[in-house]
Amino acid sequence: MPDLPNLTDSERLRVAANPSRFIWFRIFFNCRFYYPVYAIMFLDFGLSEEQFAYLNVAWALSIVLLEVPSGALADQLGRRTLVVLAAVLMVIEMLVLLLMPVVDKAGLGGDPEALERAVWILFGVFCINRVVSGAAEAAASGADEALAYDSLPEDDRDGRWSRLMVTLMKRQSIGFVAVLIIGAAVYDPESVNRAAGWLGIEREFTQAETLKFPILLNLGMAIGTLLIALRLYEPNSLRPKCDLPLAQSIRQSFRRTFRAGGWILKTPVALMLLLVGLFYDSIIRLYYTVNSIWFEVIGFEPRWFGFISVAGSLTGIAAATLGGRLVEKRSPSFNFGLLSVFTFVGMVSLAFPIQYWSVMFLPGLWMGMRLLHFFLSTYLNRVTPSENRATVLSFRGLSMNLSYGLLTWAYGLQMAFLRERMAPENAGAFSEAEQEAFSRTVFSEAVSWWWIWFVIAVIGLALFRHFKIGRTWNELLAKPSISADVEEPTTTER
C-alpha cells in the first residue's frame, strides 16, 4: 500500500487500486477493434494512400502540439483530470467515425468533380477525427503512467513498476487477441453474411455497412474507458498544488516544460533514451499503420488479418516475460543490441515480399516494438524525478510522435513520387481493379526502402553516443542517478 500521509484507510485502498485500474484503462484505451484493418478501412471509406498518410501526420501533429502542455497540466491540475479528459475525447472520436460518410465511387464515377469534392469533404471530416484522437492520446500520455507509478509504495517502487508493466503487457496482449479476431471478422462482409445466415438473418451486408462494425464495437470500449478513468483516485498528497487561474497555470506549465526540456538535454541517459524512442518507434509504428495493406500485398484476405495480428499479440506475451528477465538479468547494452537485431530482421523482410511466407519474419517487428516500450518505460522512470515525471514522460511521447509525423509525411511524399515515376502512359485509363493493383505495386516499392533508413538511424545513434555522450549504455544506466536537477518553481510561482 502506498506510503502517503494524512489519508484514511479508505483513501489508501483507493490509491492502492490505481495501478490495477491503470492496467484496465490501458487495455480499453489501446485495444481497438479496427486495428487489424486500420489502413484499408480508411481506403474503403474512399481515401487515397497519400491522404491516409497525411491524416496520420495530422494525428501526430495534434499530439506534438498538445503532448507536453498536457503533461505539464497533469502535473499542475492533477493527472486524473487529464485521464478522464482522454476518455471523453475517445468517445467523441468514435462517434465522429460512426457518422463518417462513405464515398460511393461507383455512383459518382460519371462526375469526376463531384467525386473529388466528396473525397475532400471526407478528408476534412477525417481530419477532425484525427485531431480529436491525437488530443486524447496527448491527454492520456504520461498522466496515467505517472499517477499509477506514484501510487506504488516507495520501497521497491522500481521493482513493482517493472512487474506491473509485465502484467500490463500480458493482459493487453490477451485483450488484443480478442479484439483483433473479432474486428477483422466483423469488417469482412463475407464473414458477417455467413454468421448472419447461421443466426437466421435474411439480408446481405455490404462492405459500406460492415466497415463501421469495428468502430461501433470500439464505441463500447470507449465508454468502458471512461468508466474506468472515473474510478481512478488522486488524493491531494499526490496532486501538485496549483491555486493559479487557468491562464497563469498554462504559462506555468510551459515554464515547467522548458525546465524539463533543459533537464533532458543536460541528462545524457534521458537524452539517449528519448533519441532511441524517437528513431525506433517511428519506423516500427509506420509499419503498424500500414500493415493491413501489406497483408493484402502478400496475398491475405481481410478476414485473416485478425489471426495474423493475434500472432503479434501472443508475441507480446512472450515479450513481457522476456523483457522482465532481460532488465533483471542482462545489461542495458545487450538489451538495446537485441532490440536492434529484432527490428532489423523485420525491416529487411518488408523489402522481399514472398507470397504468404513473408509474414513469418514479422515477429521481429512485433517483438521489437514491445521490448522498446518496456525498456523505455523501465529505464526512463528509473532516472526521472517524481515531481516532473508526467512532464518528462510527455516529452517521450512528444519525441516519438514528432518523429512519427515527420516519417509519415515523408512516406506520403514517397508514395506520390513513386506513383508518378512508376505510372505507365495509360494509367489514366485504368479500371478500378487495375488502379488498386498499381497502388499495391507502388506500396511494395515504398516499403522496400525502409530498412535502409533504419540502418542509418542505428549507426547515427551509435556514433552520437560514442563521440558526444562518451559512455556505453551500461555506464549510463549503471545506477539510478540524475546528473542534473530540474529547477522547481518558487513558492510565489505556485
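As a starting point, this report considers the structure included with it. Here the structure is a predicted model, which means the values were calculated and not measured. (Residues numbered from 1 in each chain as written. Predicted model: local features only at pLDDT ≥ 70, side-chain atom pairs only at ≥ 80, totals over all residues. Heavy atoms only, no water.)

## So, empty space enclosed by the protein
Point 1. In the structure shown here, the tally under the stated rule is one cavity of 30 Å³ or more.
Point 2. If you go around the largest cavity, you meet 50 residues; those closest to its centre are N30, Y35, R285, M369 and H373.
Point 3. The greatest single-element share of the lining of the largest cavity, amounting to seven residues, is contributed by helix α9 (residues 157-187).
Point 4. For the lining of the largest cavity, the residue count by class is 21 nonpolar, 17 polar and twelve charged. (1 Å grid on protein atoms, 1.4 Å probe; cavity = no way out; pocket = protein on both sides within 12 Å on 5 of 7 lines; lining within 4 Å. Points joined across faces, edges and corners; volume = space filled by probe spheres on them. Helix = DSSP H or I, 4+ residues; strand = E, 2+ residues; numbered from the N terminus. Nonpolar A, V, L, I, M, F, W, Y, C, P; charged D, E, K, R; others polar.)

## Some details on the environment of W473
Point 1. Looking at the secondary structure, you find W473 in helix α21 (residues 473-476).
Point 2. Taking the relative accessible area as the measure of exposure, W473 reaches 7% and is therefore buried.
Point 3. For the pair W473 and P332, spaced 141 residues apart in sequence, the C-alpha separation works out to 5.6 Å.
Point 4. Excluding its chain neighbours within four sequence positions, the residues that come into contact with W473 are M272, L273, V276, P332, S333, F336 and R465. (Buried < 20%, exposed > 50% of the residue type's maximum accessible area, 1.4 Å probe, protein only. Contact = heavy atoms within 4.5 Å.)

## Points about the nonpolar core
Point 1. Counting residues in each nonpolar core, the largest one holds 138 residues, and the members touching the most others are F126, F336, L350, L362, F375, Y411 and W450.
Point 2. For this core, the element with the most residues is helix α14 (residues 268-297), which contributes 17 residues.
Point 3. Setting aside residues no more than four positions away along its own chain, W450 makes contact with I283, L286, Y287, V290, M347, L350, Y411 and Q414.
Point 4. Of all hydrophobic cores here, the second largest spans five residues; its members include W59, A60, A138 and Y404. (Core = buried A, V, L, I, M, F, W, Y, C linked by side-chain atoms within 4.5 Å.)

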